[in-house]
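Each chain, written out:
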Amino acid sequence: MAGKPVRPVNAIDQTRRMLSLVTYLRERPGARVEDVARAFGITEDELVSDLDVLPMCGTSFRGGDLLDIDTDGERIWWHNPAALGAEAAEPLRLAADEATALLVAARAVATLPGLREGDRQALLRATAKVEAAAGEAAGASSRLSVTFESEGGVFADVDRAISERRRLWIRYYSPARDEVTEREIDPIRLVSVGHTYVEAWCRRSEARRTFRLDRVAEIKILDEPSAPPEIELRDLSQALVQPAAEDPEVVVEVGPGGRWVAEYYPHDSADELPDGGLRITLRTPDPASLRRLALRLGRDGRIVAPSELADSARRAAREALAAYETAYEVGYDAAYGTGQGTGRGAADAGDAGAGVPAGADPAGGPHDRQEQGL
C-alpha cells in the first residue's frame, strides 16, 4: 500500500487509530508491517509515521513508562509491553496548577461550536471526574474561563465536515488579490504550519487549494457530500506552498536588502549578482499573486520575467504612488490650507529602478499566498 493515496483523516480519527494500534500490537509481538497496515486500512508510510509518535506516549514521561516500540521496516517490536500493565499503573496525582490548567482547558473545549455531542458529553464526564479527584485544588478553575477566537468556530466546522464527509461553503479573504470570494470546497485535512489551514479540493478552481482559517469570513456546512478526487497527500513539514513543476516560471532580481525572498519562498535557483543581490527563479500557479511581493520589495527588487507580469507590477506601483500622492496633497491642504500639496512624500517612496514603493516587509513570508493563486 506504500505510495498510494491516503484516505483523509482528522486528528481525532488518527488518535483513535493509534489507541487501537497500541492494543493490536501488544497482542501481536513481531507483527509484520504490511499486515498491520492492511488491518488498519492505511499505507505502510502512515503506519511508520504513527510508530514514530508512539514512543513519546506512555503512563508518564519517565523513561521506563514510555512505549518502547520500533520497527526494522518489516516487523514491529514492542520491547516493554509491561509498561501498560496493571502492575505498572500508579495513581495519577495532579498539582494544583496542573488540575486548574486541565479543567479550564477542558471546559473551554466543551464549548466549541460544531463539537460532536458524543465527544462533548464524554469530555464533560471526564471533567467531572477530574474535579472530584482534585478536590479543593479545583476551586481556582471555577474562577477562570477561556474564550476562543473566531477561528475556533471555523476549526470546529471544518473538523466536523471532514469527519462527516460533507462539503463546505466559505467566504474567503485572499490578501494576494485583496478580495473576498465565495466558493465551495471539499475539505481533505487540517494542517498547522505557523497558522492553521484546511487543505481542500476547491470546486471553483477545480484544483487542490489551502485556506488559512483566520481568513475565512463565513462558513457553512452543506448537505452535499464531500467528494475530493483521490490525490496523494503532500508532506507539508518543509513548506506550505509547494509549486508544481508545470507551474509558470517567474524571475525576480533582488538587491542585498531583498535576499530574504530566497529564504521565504520555495525556488528553483538563486544566483548571486555582482551587487550582492540574487537572481531568483521560482514557480507559482498564479504569477499575478507575486505583484504583492514586488510592492513589498520596493527599491530592493524587481520582477524580470515574464514581461507581462513585470509590466503589471509597474502599473500597480504607479497606481499606489498616485493614490499616495493624492492622499498626501489632501492632507497637506487640510493642514495648511495652501492648496500647494507637493506629494513629495510619494516621490520619495519609490525608486525608478523597480518602479515600486519602498519599505519591504518580509514578515508575511510565503504564507501570504497560501491560497496558491486562488
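One can find the structure itself at the top, above this paragraph.
Note that the coordinates shown come from a computational prediction; the quantities given were computed from them, not determined experimentally.

Draft legend 1. Just the sheet that holds strand β10 (residues 278–283), in detail. Pairing is antiparallel in the open sheet, where four strands are placed in the order β9-β10-β8-β11. The sheet terminates laterally at β9 (269–272) and β11 (301–305), the two strands that pair on one side only. With direction set aside, neighbouring strand axes in the sheet form an average angle of 20°. Judged from the four bridges that link them, β9 and β10 form a sheet pairing that is antiparallel. Note that in β10 the partner of aspartate 271 across the bridge is arginine 279.

Draft legend 2. Main features of the packing of helix α4 (residues 96–110) against helix α5 (residues 117–134). α5 packs onto α4 with a crossing angle of 160° between their chain directions and a minimal axis gap of 10 Å. On the basis of the axis angle, α4 is roughly antiparallel to α5. When you trace α4 past α5, the crossing you get is left-handed. Across the interface between the two elements, Ala99, Leu102, Leu103, Ala106, Arg107, Val109 and Ala110 from α4 touch Arg120, Leu123, Leu124, Thr127, Val130, Glu131 and Ala134 from α5. For the contact of α4 with α5, a count of residues per class yields 10 nonpolar, one polar and three charged.

Draft legend 3. Inspection of helix α3 (residues 44–53) at higher detail. Every buried residue belonging to α3 is among Glu46, Leu47, Asp50 and Leu51, and all of these are buried. All buried residues of α3 project into a common sector of 140° when viewed along the axis, lining one side. Exposed positions of α3 whose direction lies more than 90 degrees from the buried face are Asp45 and Asp52.

Draft legend 4. Fine view of unusual backbone geometry. Residue proline 306 follows alanine 305 across a cis peptide bond; omega there is 0°. By the secondary structure assignment, proline 306 is in the loop between β11 and α9 (307–336). One non-glycine residue, glutamate 206, lies in positive phi territory at about 50°. On the secondary structure map, glutamate 206 appears in the loop between β5 (195–202) and β6 (207–212).

Draft legend 5. Looking closely at the packing of aromatic side chains. Inspection of the entire model under this criterion finds two aromatic pairs. Look at tyrosine 24 and phenylalanine 40: their rings are 5.3 Å apart centre to centre, the planes differ by 75°, and that puts the pair in the edge-to-face class. Residue tyrosine 24 is found in helix α1 (residues 11–26), and its partner phenylalanine 40 is found in helix α2 (residues 33–40); the two are separated by 16 residues along the sequence. Given a relative accessible area of 23%, phenylalanine 40 falls into the partly exposed group.

Draft legend 6. Geometry of the environment of serine 289. Positionally, serine 289 belongs in the loop between β10 and α8 (291–297). With 115 residues separating them along the chain, serine 289 and serine 174 place their C-alpha atoms 9.9 Å apart.

Draft legend 7. Molecular detail of α4. Taking 1.5 Å as the rise per residue, α4 with 15 residues should run 21 Å; its terminal C-alpha atoms sit 21 Å apart, in good agreement. On its buried face, α4 is in contact with α5.

Draft legend 8. How the structure looks around the pattern of salt bridges. Counting across every chain of the model gives 24 salt bridges. Close ionic contact of arginine 38 with aspartate 35 constitutes a salt bridge, the shortest N to O distance being 3.2 Å. Taken together, the residues arginine 38 and aspartate 35, both in helix α2 and three residues apart, mark about one turn of the helix. On the accessibility criterion, arginine 38 (52% relative accessible area) is exposed. A salt bridge links glutamate 164 to arginine 160; its shortest N-O distance comes to 3.3 Å. Here the residue glutamate 164 and the residue arginine 160 both occupy positions in helix α6 (residues 150–164), the gap between them amounting to four residues, near one helical turn. By sharing partners, the salt bridges in this structure join Arg167, Glu184, Asp186, Arg203, Glu206 and Glu224 into a single network.

Cut-off values and rules
- Residues numbered from 1 in each chain as written.
- Predicted model: local features only at pLDDT ≥ 70, side-chain atom pairs only at ≥ 80, totals over all residues.
- Heavy atoms only, no water.
- Pairing = 2+ DSSP bridges.
- Helix = DSSP H or I, 4+ residues; strand = E, 2+ residues; numbered from the N terminus.
- Axes fitted to C-alpha atoms, helices over the stretch in contact; angles between N-to-C directions.
- Parallel < 35°, antiparallel > 145°, perpendicular 65-115°, else oblique.
- Left-handed = near helix turned anticlockwise from the far one by under 90°.
- Contact = heavy atoms within 4.5 Å.
- Nonpolar A, V, L, I, M, F, W, Y, C, P; charged D, E, K, R; others polar.
- Buried < 20%, exposed > 50% of the residue type's maximum accessible area, 1.4 Å probe, protein only.
- Arc of directions from axis to C-beta.
- Phe/Tyr/Trp six-rings, centres within 6.5 Å; stacked < 30°, edge-to-face > 60°.
- Expected span 1.5 Å × (residues − 1).
- Salt bridge = Lys/Arg side-chain N within 4 Å of Asp/Glu carboxyl O.

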